[in-house]
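Residue-level listing of the chains:
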Amino acid sequence: MNLHGKDIKIFAANSVPHVAEQIARHLGLPLGDAEVKTFSDGEIAVSINESVRGSDVFVVQSTCSPVNDHLMELLIMIDAFKRASAGRITAVIPYYGYARQDRKAKSRDPISAKLVADLITAAGTDRVLTMDLHAAQIQGFFDIPVDHLQGVPLLAPYFVEKFKDFSREDLVVVSPDLGSVTRARKFADRLGAPIAIIDKRRPRPNVSEVMNIIGDVQGKTCIIVDDIIDTAGTICNAAAALVERGGAKEVYGCATHGVLSGPAIERIENSVFKEMVLLDTIPVRDNSCKKIVQLPVAPLFADAIERIYEDQPVSPLFN
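Every value quoted in this text rests on a predicted model; they were computed, and no experiment measured them. (Residues numbered from 1 in each chain as written. Predicted model: local features only at pLDDT ≥ 70, side-chain atom pairs only at ≥ 80, totals over all residues. Heavy atoms only, no water.)

1. Remarks on the packing of helix α1 (residues 17–27) against helix α8 (residues 298–309)
Interhelical geometry of α1 versus α8 gives an angle of 55° and a closest axis separation of 8 Å. Taken together, the axis directions place α1 and α8 in an arrangement best described as oblique. Along this stretch, α1 crosses α8, giving a crossing that reads as right-handed. Residues Val19, Gln22, Ile23, His26 and Leu27 of α1 pack against Ala298, Pro299, Phe301, Ala302, Asp303, Ile305 and Glu306 of α8. When grouped by side-chain class, the residues that make up the contact of α1 with α8 number eight nonpolar, two polar and two charged. (Axes fitted to C-alpha atoms, helices over the stretch in contact; angles between N-to-C directions. Helix = DSSP H or I, 4+ residues; strand = E, 2+ residues; numbered from the N terminus. Parallel < 35°, antiparallel > 145°, perpendicular 65-115°, else oblique. Left-handed = near helix turned anticlockwise from the far one by under 90°. Contact = heavy atoms within 4.5 Å. Nonpolar A, V, L, I, M, F, W, Y, C, P; charged D, E, K, R; others polar.)

Following this line, the structure appears as structure tokens:
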């Protein structure tokens, strides 16, 4: 039984076309010929301008802002490929929107991350390739295989090179909350540095109050590691606390997904951060902030796509 298509074809919708182009270039392939447009009434129109019959199709689309438009583009493209007799369809979702709505926080809350997983599956997807889901358990929301890449193997080498002349005793990797300790520890292991933890309390959504710093950051260079930066209030408050309360020498930040909504870019620009390093799973809407550096995810996704096509394990990419 043939478990994959006869050839690889990479297609892009409108959220991260640069990532799709880089993936295709890395694989030595042309980007698939498709158009995703919008009618005057807001409906999405998809045109696939080449045959995909029997092909192993990979659709690259982050469900970032405008989230619902990009989600519908993905669903409609998948439906188009399914009806065009594609051999296998993989949704490549560098940033999975709605991931933070992964549980019922209070009575009568929806679990939107599960609903989106059901929609993607129902559209005809055979497999999902994504990166740094806000909660790893979201993989279980799908009834199809999910390959879950991690951002740390891309972010850590940047800082290893940046601080190659530093004594590891002068570096501290900081978790911005208790829920990110595992990620921070993996990052710290790659740098050979200790970790510290910010203990905070959140009185209302998008507002956080730093309560305590667990660990020694006095006179040290700190690297705050997170998965998502949205309004940047939490991470900027954490950076300020490290300097003002902990006596840190300087603070760097990094995250897999830079949502950067609302006042986020202005906050980062005015913060104590020396640099904020993000992966390009989401395009930065404003390039005016010189503190923001973006690293490409396309090489890692291209390697994963090649392994999926050849029925090879994806797990070596975690290292």
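Once you've had a look at it, read on.
2. Here we look at the pattern of salt bridges
Using the criterion set out here, one finds 13 salt bridges in the structure. Linking Asp102 and Arg103 is a salt bridge whose minimum nitrogen-to-oxygen distance equals 3.0 Å. According to the relative accessible area criterion, Arg103 is exposed, its value standing at 53%. Residue Asp118 pairs with Lys114 through a salt bridge whose shortest N-O separation is 3.0 Å. Note that Asp118 and Lys114 are positioned in helix α3 (residues 112–122) at a spacing of four residues, about one turn of the helix. (Salt bridge = Lys/Arg side-chain N within 4 Å of Asp/Glu carboxyl O. Buried < 20%, exposed > 50% of the residue type's maximum accessible area, 1.4 Å probe, protein only.)

3. A closer look at the side chain of Ser271
Position of Ser271 relative to the elements: it lies in the loop between α7 (264–269) and β13 (273–279). Within polar-contact distance, the side chain of Ser271 engages the backbone oxygen of Ile268 at 2.7 Å. One polar contact links the side chain of Ser271 to the main-chain amide nitrogen of Phe273, over a distance of 3.3 Å. In this structure Ser271 touches Cys236 and Lys291, once residues within four positions along its chain are discounted. (Polar contact = N/O pair within 3.5 Å; in protein donor to acceptor, adjacent residues only side chain to side chain.)

4. Some details on the sheet that holds strand β6 (residues 127–131)
The strand order β1-β4-β5-β6-β7 describes an open sheet built from five strands, whose pairing is parallel. Of all the strands in the sheet, just β1 (8–12) and β7 (146–149) have a single pairing partner and so form its edges. Strand-to-strand twist across the sheet, computed as the mean angle between neighbouring axes with direction ignored, equals 20°. The sheet contact formed by strand β5 (residues 88–93) and β6 spans four bridges and is parallel. Within β6, the position partnered with Ala91 by the bridge is Val128. (Pairing = 2+ DSSP bridges.)

5. Focus: the UniProt feature "active site" (unreviewed entry) in the protein chain
In the UniProt entry, the feature "active site" (unreviewed entry) is given for Lys200. Structurally, the position occupied by Lys200 is in strand β9 (residues 195–204). (UniProt positions renumbered as here; feature names shortened; annotations may be inferred.)

6. Structural notes on the pairing of β7
The side chains of a regular strand alternate, first on one face of the sheet and then on the other. Side-chain alternation along β7 places Val146 and His148 on one buried face and Asp147 and Leu149 on a second face that is also buried. Of the strand pairs in this sheet, β6 and β7 are connected by four bridges, and their pairing is parallel. Note on β7: the bridge partner recorded for Thr130 is His148.

7. Thoughts on the packing of aromatic side chains
Per the stated rule, a full pass over the model turns up eight aromatic pairs. Summarising the aromatic geometry, the rings of Phe11 and Phe81 are spaced 4.7 Å apart at their centres and angled 50° between planes, so their arrangement reads as tilted. In this pair, Phe11 is assigned in strand β1 and Phe81 in helix α2 (residues 67–83), connecting sequence segments 70 residues apart. For the pair Phe11 and Phe81, a shared accessibility class is recorded, and that class is buried. On the basis of an interplanar angle of 80° and a centroid distance of 6.4 Å, the ring pair of Phe159 and Tyr252 is categorised as edge-to-face. Of this pair, Phe159 sits in helix α4 (residues 152–162) while Tyr252 sits in strand β12 (residues 250–258), and the two are 93 residues apart along the sequence. Of the two residues, Phe159 and Tyr252, neither departs from the other in class, the shared state being buried. (Phe/Tyr/Trp six-rings, centres within 6.5 Å; stacked < 30°, edge-to-face > 60°.)

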